[in-house]
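# Breakdown of the fold
The lines below spell out each chain.
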Amino acid sequence: MSDRIEGVKKLFTSKSARVETNKGESYYLDLFERCQTRLSDLRASQPANRLDFSEVLKDNSIDRRDFMKWVSATTAMLMLPPMFSPLVAEAAELMNRAPVIWLELQDCAGNSEALLRSDGPKIDEIVLDIISLEYHETLQAAAGFQAEKQLEDAMATFKGKYLLFVEGSIPMGMNGQYGTIGASGETFHDHLMRVSKDAAAVVAVGACATFGGIPAAAPNPTHAVGVMDVVKGKPIVNIPACPANPTNMVGVVMHYVLTGQLPELDSLLRPKFAFGYRIHDNCERRAHFDAGEYVEEWGDKGAQNNFCLYKMGCKGPMTFNNCSIVRYNEAVNWPIGVGRGCIGCSEPDFWDKYAYERPMANAKIKAPAGGVEKSVDEFGLGLLTAAGIGIGIHAIASAVGGKKDDGGEA
Amino acid sequence: MSSEYKQVKRMTTAGRIIHWANAISMVVAIITGLYIGHPYYQTFIADGAVDKYVMAWNRWGHFIVAIIFDVTSIVIAYLFFFSRFEKAYKKVIPTRKNITEFFEVLINLVTLNRRKKFDSTHGDSFNSVYFLVFHLLLIWMLLSGLQLYVSGLESGISSIGNWWPWMLHIATDWTRVVSGGTVMDVRISHHYSMWFIVIWVIFHIYYQVWRTIFWKEGDIAIVFGGSKFVKEN
């Protein structure tokens, strides 16, 4: 009997797809030791650039206290216990030992922009400045053959060690001729395959590099796809969103520097620490959703009172991202915070299936019959009307010309 | 006149209870589901959010009737094959006899009852196929609905234990693939299927009333009393 009770208990507490925020003391003690070894190895290795992290912080007038606040927040974001804070601080200083190559494919460079265009460089941006960015197609001064040489040098020097960041989708139409790069006119596809071959891991940043994004939106003229559709046999991390949040990019690099491993991923290869929860789960307007208090039109009383934006098409309830927790621009604000709905930019096919800024039921999407764009409800009501007309005709015909079985009064 | 008619039992008590439980659940599911998809009435703005909880109650109601649907469909699926009263699956197997009956009933409907060459005392193939379509729609609603539900539990936390989201993922993750790849496609499909079910229900009611009027066998009484009346030859 007690066996059965234990069995039931085990069944009811077994592991599932859950985000494990507490993995137990022995796990963390073990991880702590591994991280220490990893960091001392890194410290012994040659830094790839001479940037001194504490100097850069001082130049940007960020004091030790601000830095330690950032360290605590980053440790928490990575779902590590507070004892890891000193290691996270150390890892931030050792960031210049993490060689990164950054490719820019078919997109708007919005993810690089997200890194660069802050009001003043904050710690996240500084950490990303200090990583040893060996090659960045948008930012580098070199061009043509010179750039090509730099890429080859970086690939040879850090063979098997560099993290490859990819921004932008890969056009597959016309043999990839929609996008070519460099003096040799290499297609984006060939370029990506060549550089990813010797990477330690590939990090796809932004909606385009992860799921094809806006270039892949219907009718997808260039047959754009994401990195994970073409790169096989390499560890891949997806950091979707449009643009990807620099905080999450730092999180992934930090995790790599700290542990030598990639963070735990979900089924779409997104790190669970950032994409394990919906926007909705931690939304500041969530109470208004449950209460049924919605903004009905822009600027109405509901909007003035920060009501829920669901009826304005907010896709927070279906979108997995940590915007509602970490926000953007060093936690200054975020889309729902400024009073407009989420467009689901970290989900696959977001442009066609999420970003129509209406609730799904009355969004103009392709009808099952194809071609005409109708809302789901318009299509349903159309079918219903057709059925009603059919039934009406049958009923009238029956009343006029139908034969009742009974020989009696009819 | 009463001596000319004989009473035929057509639905068991359990069958009728399930029928009405489903009918009521469906009405509630549609009312609440339309609200969840697009909140079509407003709450009083002056009331505090804590007093209203309108969306939350709608979702609660939607989930409760979904669970009732879940349970009754398991029972119905069992009875479909093993009922001691009438094994419905026998009527949907495409044998020559069933196909002939299917088309005879259809012709009866199209010719406005001018031709009736089948035995209307027992359940017919046409209605059996029609009900099967409904049950397939319903199964799709259940599985796609559970997928939408469990995708909101990505963190894997459920008050009744981790086995629940784990089981739902195993049972319903395929619905994403077949409906277009993302969870939003499941949502769109779930909403479309609701309209197909509404249309199904409207024709179902019309057809049963039509049979009652034109066949003169009291078919509408089946779902209330369990039996209809057929003229004795």
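Residues numbered from 1 in each chain as written. Chains lettered and ligands numbered in written order. Predicted model: local features only at pLDDT ≥ 70, side-chain atom pairs only at ≥ 80, totals over all residues.

### Quick word on the overall build of chain A
The following threshold applies: Runs of E in the DSSP output that reach at least two residues are strands. Runs of H or I that reach at least four are helices, and both are numbered from the N terminus. With C-beta atoms placed from the backbone, a residue is labelled by how many other C-beta atoms lie within 10 Å of its own: buried for 20 or more, exposed for 12 or fewer, partly exposed between the two. The contact criterion used is a C-beta to C-beta distance within 7 Å, with each C-beta placed from the backbone.
Looking only at helices and strands, one finds 18 helices and eleven strands in chain A. Burial statistics for chain A: of 410 residues in total, 44% are counted as buried. Within chain A, contacts between residues at least 6 apart in sequence are counted, and of these 70% link residues at least 24 apart.

### Some remarks on the domain arrangement of chain A
Residues and elements named next belong to chain A. Formally: Source of the domain bounds: an automatic or database domain assignment. Here the nonpolar group is Ala, Val, Leu, Ile, Met, Phe, Trp, Tyr, Cys and Pro; Asp, Glu, Lys and Arg are the charged ones; every other residue, Gly included, is treated as polar.
Under the domain assignment, chain A is made up of domain 1 (45–274) and domain 2 (280–363). Domain 1 and domain 2 are separated by 27 Å when their C-alpha centres are compared. Contacts between the two partners involve 16 residues from domain 1 and, on the opposite side, 14 residues from domain 2. Of the residues that constitute the side of domain 1 that touches domain 2, the class distribution is eleven nonpolar, three polar and two charged.

### Here we look at the nonpolar core
Residues and elements named next belong to chain A. Spelled out, the test is: Linking buried Ala, Val, Leu, Ile, Met, Phe, Trp, Tyr and Cys residues through C-beta atoms within 7 Å yields a set, and such a set is a nonpolar core.
By size, the foremost hydrophobic cluster in this structure holds 112 residues, and its most contacted members are Leu163, Leu164, Val166, Val203, Val253 and Val257. At eight residues, the largest contribution of residues to this core is made by helix H12 (residues 246–259). When residues of this core are assigned to domains, at least three fall in each of domain 1 (45–274) and domain 2 (280–363). Each residue touching Leu163, except ones within four places of it in the same chain, is listed here: Ala98, Val100, Ala199, Ala200, Ala201, Val203, Val253 and Tyr256.

### Here's the deal with the interface of chain A and chain B
When the parts of a complex come together, some accessible area is lost, and that lost area is often taken as the interface size. With 49 residues of chain A at the interface, the matching set in chain B holds 44 residues. Elements with a contribution of two residues or more to the side of chain A that touches chain B: helix H1 (2–12), helix H14 (286–291) and helix H18 (376–401) of chain A. Per-element tally for the side of chain A that touches chain B: the top contributor is H18(A), with nine residues. Residues that form the side of chain A that touches chain B fall into these classes: 24 nonpolar, eleven polar and 14 charged.

### Here's the deal with the sheet that holds strand S2 (residues 132–136) of chain A
Residue and element names in this part refer to chain A. Our working definition: Between any two strands, at least two bridges found by DSSP are needed for them to pair. Working convention: axes come from line fits to C-alpha atoms, limited for helices to the stretch in contact. Angles between N-to-C directions cover 0 to 180 degrees.
Across the sheet, five strands lie side by side as S2-S1-S3-S7-S9; this open sheet has parallel pairing. Sheet topology places S2 and strand S9 (236–239) at the edges, where each strand pairs with a single neighbour. Geometrically, the sheet is characterised by an average inter-axis angle of 20° between neighbouring strands, direction not taken into account. As paired strands, strand S1 (residues 99–104) and strand S3 (residues 163–167) are joined by five bridges and run parallel to one another.

### Digging into the environment of B:Ile24
Residue and element names in this part refer to chain B. Examined against the element boundaries, Ile24 turns out to sit in helix H1 (residues 13–37). A residue is classified by how many C-beta atoms lie within 10 Å of it, and Ile24, with 12 of them, is exposed. For the pair formed by Ile24 and Val65, sequence separation is 41 residues and the distance between their alpha carbons is 8.6 Å.

### Observations regarding unusual backbone geometry
All names here are of chain A. With an omega dihedral of 5°, the bond running from Ala218 to Pro219 counts as a cis peptide bond. Mapped onto the fold, Pro219 is located in the loop between helix H10 (206–211) and strand S8 (224–225). Following Cys242, the chain continues into Pro243 via a peptide bond in cis, with omega recorded as 0°. If you trace the backbone, Pro243 turns up in the loop between S9 and H12. Positive phi, normally seen in glycine, also occurs at Asn175, with a value near 55°. Turning to its location among the elements, Asn175 is positioned in the loop between strand S4 (170–171) and strand S5 (180–181).

### Focus: the pairing of S3(A)
Residues and elements named next belong to chain A. Within S3, five of the five residues are buried, which leaves it mostly tucked inside the rest of the structure. By the alternation rule, side chains of S3 split into Leu163, Phe165 and Glu167 and Leu164 and Val166, which are all buried. Where S3 lies against strand S7 (residues 201–205), five bridges are found, and the strand directions are parallel. In the sheet register, Glu167 faces S7, and the bridge partner there is Val205.

### Brief notes about the environment of B:Ile68
Residues and elements named next belong to chain B. Assignment of secondary structure puts Ile68 in helix H3 (residues 54–82). For Ile68, a count of 17 C-beta atoms within 10 Å translates into the label partly exposed. It is 19 Å that separates the C-alpha atoms of Ile68 and Val223, two residues lying 155 residues apart in sequence. Ignoring any residue separated from it by four or fewer positions in sequence, one finds Ile68 in contact with Ala21 and Ser25.

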